[in-house]
Every structure is written in structure tokens, then in C-alpha cells.
Amino acid sequence: MTSHLVTGIGELVTHDPRFDGPLGLVRDAALVAEDGAVAWVGPASAAPPADEETDVEGRAVLPGFVDSHTHLVFAGDRADEFAARMAGEPYTGGGIARTVAATRAASDDQLRTRLAALVAEARAQGTTTLEIKSGYGLDTATEERLLRLAREVTPETTFLGAHVVPPGVDRADYVDLVTGPMLAACAPHARWADVFCEPGSPHAFDGDEARVVLSAAAHAGLGLRVHGNQLGPGPGARIAVELGAASVDHCTHLSDDDVTALADAAPHGGPVATLLPGVELSTRSPFPDARRLLDAGVEVALASDCNPGTCFSTSMPLMVSLAVTQLRMTVDEAVRAATLGGAHALRRPDVGHLRVGARADLCVLDAPSHEHLAYRPGVPLSRALPMGPPRGGR
């Protein structure tokens, strides 16, 4: 068993309550990893010897970012749609059909090449755990193919056959397909199922349809996630609570009853509210009110929602900066949401923190403290620090 000492850490974010403040900070710190897991954490002056050593020369180190909501398997782009939105056209979800057409036409190798590039891009910015959804196939064969490809790079794969209703297809027939043959083909390649619950959109699913889809997925043994309350008020958050989903994502338009339901469920492992501020940036939409959720006691995560239509960014540091500057989160809250919050949204106890026994997924900053993530927006400060052979989830 090879041990690896990382020393010279100016500030280490651990999320370990033994250490300082809400982030479990250790200054002038060191960490020892063995077989890809954290074996020791503490002051550098007390560090045990190890087989290998890396000196980060006063830089800050934090847990690798956990991006719990992405759509990374697709072909083509929608830059023209983005430009049209910036010129004033509203977003309704209709452009998804364009990505579906391009994705269906792409070969496995073309999709695999794009996926590998996006995963590498995310990792270069400090992301070490990724969730990846399907949803750009909308037929059984392509949805299965997208999940199979996603499974090559992460175990956190999500079946999103209920992304939108394809043009020209009867809604009831499509729900039957998603909950029948498509689910049967896709479930072996997925850990999760998701649904775009947005009654105000002509393309997405209403509450009754979402409940049918999620109930069938749960019966098939999949964990549940919900796209909810993005474009307007709706039942997504309350359905997530009702069905025991791990997360409800977007949460831009929440009623007082929605927030109360999420807060009441939080002590019992209820849904994490995953906020995706890159979408609001890219669509000129109102940002979600993170302060309202946090003050109510709701667990919050940050994720990129990297996709070709509404946020073509893999940058978790950007999401941290937006959370602080636009969502009224403190820097500590945003860093926690981008690491431990994302881990909770994926129900992964082994990532998002650097307590003993966690995966040794490290993000190193070219800066002396985690505060620089928000203080220096757009500057490439963060990167994943390799700590041995990959083990699932990268």
C-alpha cells in the first residue's frame, strides 16, 4: 500500500467538525492518503512519514467539487439559440429537440470524444465527482446508449427520458414509453431517474405525469431526482418531498409552502435543493433565493447544469462565485454547497469532505484561501490534484 503526503497546505477545508469553523479549516496543514483514501489530516508539523510527498507551497486545498447535475452526453451546440436569448427571446425548453436530433445522428465515438473533453475540462477546474444525465435521446435505443456511455466515466448516471415530450408524439403514449420499455432498457445503466416537471412549459411534464414517471423509476430500483420550479411555480419541490427524492434542482420559483415542505423534510434526509446559477446567468432569468432556503434550514447544493442550451459551462468555481455575488450566500456556504452539499445531493458519504476514510479527491487553489474562489471570479485558480489511480465517480 502506497502512502502519499500532501504538505505545505496553507489552508485545508475538511468539513471535519474537529477543526476550525463551519468548514473545518486547518491552517499550515498536511494530509496523508493511502490507496486513494484519506488516512490522516492535521497540522503539517505533526504529519507522519509517507512513501511519496507533494508540497503545494502554501496553497489552499479543499475537497474536489461534486457537480451533482450535468447533461454531458450530447452532440452539436446551440450558440445561435443563446444569442437569440440575449436578444430577448424567452427560454421554454423547445431547443432541446435540436440537440436530440444531433445526438441521435452522432456515433458512439463522437459522443465519447465530446464527453471525455468535457470531463477533462471539469477536472481541470477541480471537479472530481460528476453526475451525468441522459435526456437527449428521447427514444429507447438512444437513451440507453447515452447512459451506457456516461457509465464509462461515472457511476452517478441519471435516466432522464422524461426530459421533454418529443415533437409530434402523443403525451400519454410517451409517458407509457418512458415508464415501460425505455425504463426497462435504461435502468441497468442508471443509478437515478429524473423528470423535467414544469407545467408551464408546453414541452415538459406536469405534476401527475412526473409522479407517474418517478413512481415507476422507484419501483425499478432507481433513486429519484427532480427538475423543478425552474420556469415558474409548480409542484416539483413538493413531489420531490412526497416521493423521497434525493434532490430537487433549480428551485428558482418556490412558494412559502414549498420552502416549508423542504425545511420540514430536511432533518429526515429530505431533498437537497440544488441551485444552478449558471442557468440564470445564461438565460437572464431571476436567480433563486438561496438565503431564503438556508435560513429555513434547507440543505443547499451548487451544480453546473452543464448542457448545450441553457448553461454550457463545466466551471464549478463560476457557480461558487455566482452563489456569493448573486444568490446572497456567504463564501463558506457556497464552498460547502459545491462540495459537501453536492455529495449529499448524490447521497455519497465518501466524497465532498476530507475526513479520514473519505476519498482523497483534492482540489488545489493557486491562492492562499478558499475565499479567492469568489474574490477572483473567472481566474483559473483551481485544479484537481491527482492522488493515485482513479476509483469510480470521476
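Residues numbered from 1 in each chain as written. Predicted model: local features only at pLDDT ≥ 70, side-chain atom pairs only at ≥ 80, totals over all residues. Heavy atoms only, no water.

Asks: Help me understand the pairing of strand 1 (residues 3-13) in this model?
Replies: Successive residues of a regular strand alternate their side chains across the two faces of the sheet. Counting buried positions along strand 1 yields 10 of 11 residues, so the element is predominantly enclosed. Here 8 bridges tie strand 1 to strand 2 (residues 25-34), and the two strands are oriented antiparallel to one another. When the sheet's bridge partners are listed, Val13 is paired in strand 2 with Leu25. The pairing of strand 1 with strand 4 (residues 52-55) spans 4 bridges and is classified as parallel. In the sheet register, Thr7 faces strand 4, and the bridge partner there is Asp55. In the sheet, strand 1 pairs with strand 5 (residues 60-63) via 2 bridges, with the strands oriented parallel. Bridged to Leu12 within strand 5 is Val61. (Buried < 20%, exposed > 50% of the residue type's maximum accessible area, 1.4 Å probe, protein only. Helix = DSSP H or I, 4+ residues; strand = E, 2+ residues; numbered from the N terminus. Pairing = 2+ DSSP bridges.)

Asks: Any chance you could explain the side chain of His353 here in plain terms?
Replies: Secondary-structure assignment places His353 in the loop between helix 12 (331-345) and strand 15 (362-365). A polar contact is formed between the side chain of His353 and the backbone oxygen of Pro349, at a distance of 2.7 Å. Beyond its immediate stretch of four places on either side in the chain, His353 contacts Thr14, His15, Pro63, Leu340, Ala358 and Arg359. (Polar contact = N/O pair within 3.5 Å; in protein donor to acceptor, adjacent residues only side chain to side chain. Contact = heavy atoms within 4.5 Å.)

Asks: Looking at this structure, how should I read unusual backbone geometry?
Replies: Only a minority of non-glycine residues have a phi that is not negative, and only a minority of peptide bonds are not trans. The backbone phi angle of His15 is positive, close to 60°, even though this residue is not glycine. Within the secondary structure layout, His15 lies in the loop between strand 1 and strand 2. Here His15 falls in the buried class, since its relative accessible area comes to 6%. With a phi angle near 55°, Asp35 is a residue other than glycine that sits in the positive phi range. Structurally, Asp35 can be placed in the loop between strand 2 and strand 3 (37-43).

Asks: Before we go on, may I ask you to explain the packing of helix 11 (residues 316-326) against helix 12 in this structure?
Replies: Helix-helix packing is characterised by the crossing angle of the two axes and by the distance between the axes. At a minimum axis distance of 9 Å, the contact between helix 11 and helix 12 shows a crossing angle of 145°. Helix 11 and helix 12 meet at a crossing whose hand is right-handed. Every residue of helix 12 that contacts helix 11 at Met316, Val320, Ala323 and Val324 is listed here: Val331, Ala334, Val335 and Ala338. (Axes fitted to C-alpha atoms, helices over the stretch in contact; angles between N-to-C directions. Left-handed = near helix turned anticlockwise from the far one by under 90°.)

As far as function goes, none of this settles anything; it's purely spatial.
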